[in-house]
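# Structural overview for review
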Amino acid sequence: MDDKYSGILINRILSLCGRRGITIYQLAQMSGVSQSTLDNIVNRKTLNPRIKTLHKIAIAFSMTAAEFLDFDELNDYSFEDETDEE
């Protein structure tokens, strides 16, 4: 995944944290995702988090994974210019 895709997910996480008035530390506690994993995502060290991690984050926000990933910025993102490395 490219840096733009990663940035979209980071913005989603930070936006939801902001709306709910919680920190990344609190999100770690609520989701069961380690603080270091969340820090790696937010600091762009992990560019392609696993769906299991995103699912845990979504549950912490009282959302399904589908709801967490269903927002305009991500829906408008195009993967067409990327090459598959997997």
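As shown above, the structure is provided for reference.
Now for a description of the structure that goes with this document. (Residues numbered from 1 in each chain as written. Predicted model: local features only at pLDDT ≥ 70, side-chain atom pairs only at ≥ 80, totals over all residues. Heavy atoms only, no water.)

Right, let's talk about helix α1 (residues 3–20) for a bit. For α1, built from 18 residues, the straight-helix expectation of 26 Å at 1.5 Å per residue is met to within 8% by its first-to-last C-alpha distance of 26 Å. When we look at burial in α1, the residues that qualify are Tyr5, Ser6, Gly7, Ile8, Leu9, Ile10, Arg12, Ile13, Leu16 and Cys17. As for α1, its buried residues are in contact with α2 (24–31), α3 (35–42), α4 (51–60), α5 (65–69) and α6 (72–75). Directly after α1, the chain includes Gly21, whose backbone phi takes a positive value near 65°. (Helix = DSSP H or I, 4+ residues; strand = E, 2+ residues; numbered from the N terminus. Expected span 1.5 Å × (residues − 1). Buried < 20%, exposed > 50% of the residue type's maximum accessible area, 1.4 Å probe, protein only. Contact = heavy atoms within 4.5 Å.)

A separate point is the pattern of salt bridges. For the structure shown, the criterion picks out one salt bridge. A salt bridge links Asp3 to Arg44, with the shortest nitrogen-to-oxygen separation between them at 3.0 Å. Of this pair, Asp3 sits in helix α1 while Arg44 sits in the loop between α3 and α4, and the two are 41 residues apart along the sequence. (Salt bridge = Lys/Arg side-chain N within 4 Å of Asp/Glu carboxyl O.)

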